[in-house]
Amino acid sequence: MTWQDPAPFLRGTAWLDEHGRAVRADPADLARLPRDTAERAALPIGVRLEFTASPGTRAVEIRYRAAVPDGSQVLRELAHCFALWEGDACVHEAFARPAEEATVTIPLPGRAGPFTVHPPESQAPVVLGLRGAGGTLAPAPPRPRWLVHGDSITEGWWSTRPAHAWPAVAGRALGLDTVNLGYAGSARGDLPTAEHLAALPAGLLTLAFGTNCWAGVPHTAPLLYETTRAFVALVRRGHPDTPLLLLSPLLRPEAESTANALGATLAELRAAMEEAVRDLVAAGDERLALLPGRDLLGPGHLADGLHPDDAGHARVAAAVVAAVRGAWSPTGTALSRA
């Protein structure tokens, strides 16, 4: 069987660059972004394939290319894993080495699906084509689009698989097409990013930044209050009525009561963000909701004192799902227009 174009099967995509690669920032507007944001945006975090299979389809074959690390680079164990999911269960994992071009074969369980394949994210793999062995594949039905913006925690750092990052877990539970716009080391309320979000179609938006405003680029509480208001205002230019959930910074023990270079603790920065959201709601933004992040995790859920382990990601996902369902119906018109 001939190779099929991967484009109709791709999910979690925001933009494609001139080479057809899935990227996570507007390729026509990278000059306005911080360098670290633009670099992280080149990685296909959260991008995946979703499909159904005809009777008799034994496997899915995926042709791809990836950057080949040189001898000085060390890949994490399991870093190049293709994981097949059906619903909320991982049914198979296949491992392959980064290659300029290669094919990986993933057995299917003999059912129609729908199935999701989470490709590896390291070495920026690009899917060139896919096909069914013994049968045919069809793109899975589209789902409402959820834009999730944040930092390395949103990217999924310290989760053992891309599918275990909290946006992926919550997206499965809510039946949404999660678009992960998390940028490790960045996500400091950069206003060009807000304009990028405003330009993308979405049925739901979530903002989960702030911890890098403690040390990465130090903020005062008043500065982060105004930054939060400005960021939401710019997003609202493109999404005046779209449900928007703001998740304030999660627990970061070293920063909670420690002043940054401008004298602000993370507790004070978090309070400023939350106050900004409450003030915007009070001013009439009825589609805006707040999920306070401080008490969602305990120190035992942090793999390195900052990033959640798999259990921590699952707890954050559960809290986000409850907040979304509590504020808006995930099957209602508010989340089905994108």
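**Student:** Tell me about the pairing of strand S14 (residues 204-208), and please be specific about residues and values.
**Tutor:** Consecutive side chains of a regular strand alternate in pointing toward one face of the sheet and then the other. The buried fraction of S14 is high, at 5 of 5 residues. The pairing of strand S12 (residues 145-150) with S14 spans 5 bridges and is classified as parallel. Opposite Val148, over in S14, you have Thr206 as the bridge partner. One ladder, built from 3 bridges, connects S14 with strand S15 (residues 244-247); its direction is parallel. Its bridge partner being in S15, Leu205 is matched across the sheet by Leu244. In this region the chain leaves S14, passes through helix H5 (residues 221-238) and returns to the parallel neighbour S15; the handedness of that crossover is right-handed.

**Student:** Explain the sheet that holds strand S10 (residues 126-133) to me, using residue names and the numbers behind them.
**Tutor:** One open sheet accounts for 3 strands, arranged S8-S5-S10; its pairing is antiparallel. The open sheet has two edge strands with one neighbour each: strand S8 (102-107) and S10. Each neighbouring strand pair of the sheet contributes to a mean axis angle of 20°, computed without reference to strand direction. One ladder, built from 6 bridges, connects strand S5 (residues 59-65) with S8; its direction is antiparallel.

**Student:** Would you mind going over helix H6 (residues 266-282) in detail, with residue names and values included?
**Tutor:** Between the first and last C-alpha of H6 there are 24 Å, a value that for 17 residues agrees with the 24 Å anticipated at 1.5 Å per step. Listed as buried for H6 are Leu266, Leu269, Arg270, Ala272, Met273, Glu274, Ala276, Val277 and Leu280. Of the surrounding secondary structure, the elements contacted by the buried residues of H6 are H5, S15 and strand S16 (288-291). Positive backbone phi, at 125°, marks Gly284, one or two positions downstream of H6.

**Student:** Explain the nonpolar core to me, and be specific about the residues and the numbers.
**Tutor:** The biggest cluster of nonpolar side chains holds 35 residues, and the ones touching the most others in it are Leu147, Leu181, Leu197, Leu207, Phe209, Phe231 and Val235. Listing elements by their share of this core, those giving two or more residues are strand S13 (177-182), helix H4 (191-199), S14, H5, S15 and H6. Core analysis: the second largest hydrophobic core is formed by 27 residues, Leu176, Ala208, Leu247 and Val320 among them.

About the criteria used
Just so you know, the residues in each chain are numbered from 1, in the order the chain's sequence is written. This being a predicted model, a pLDDT of at least 70 is required before a residue's local features are given, and a value of 80 or more before pairs of side-chain atoms are given or counted; all residues contribute to the totals for chains, interfaces and linings. Here the side-chain values reflect all heavy atoms present in the structure, with hydrogen atoms and water set aside. We call a residue buried when its accessible area falls under 20% of the maximum for its residue type, exposed when it is over 50%, and partly exposed in between, using a 1.4 Å probe and counting protein chains only. Secondary structure follows DSSP: runs of H or I at least 4 residues long count as helices, runs of E at least 2 residues long count as strands, and numbering of each begins at the N terminus. A pair of strands counts as paired when DSSP detects no fewer than two bridges linking them. The definition of a right-handed crossover adopted here requires that, viewed with the strands pointing away, the path from the first strand over the helix to the second runs clockwise. Here, axes are lines fitted to C-alpha atoms. For helices the fit covers the stretch in contact, and angles between N-to-C directions go from 0 to 180 degrees. One fewer than the residue count of a helix, multiplied by 1.5 Å, yields its expected span. Working rule for contacts: check all heavy atoms of both residues, and any pair within 4.5 Å makes them a contact. To qualify as a nonpolar core, a set must consist of buried Ala, Val, Leu, Ile, Met, Phe, Trp, Tyr and Cys residues joined through side-chain atoms within 4.5 Å.

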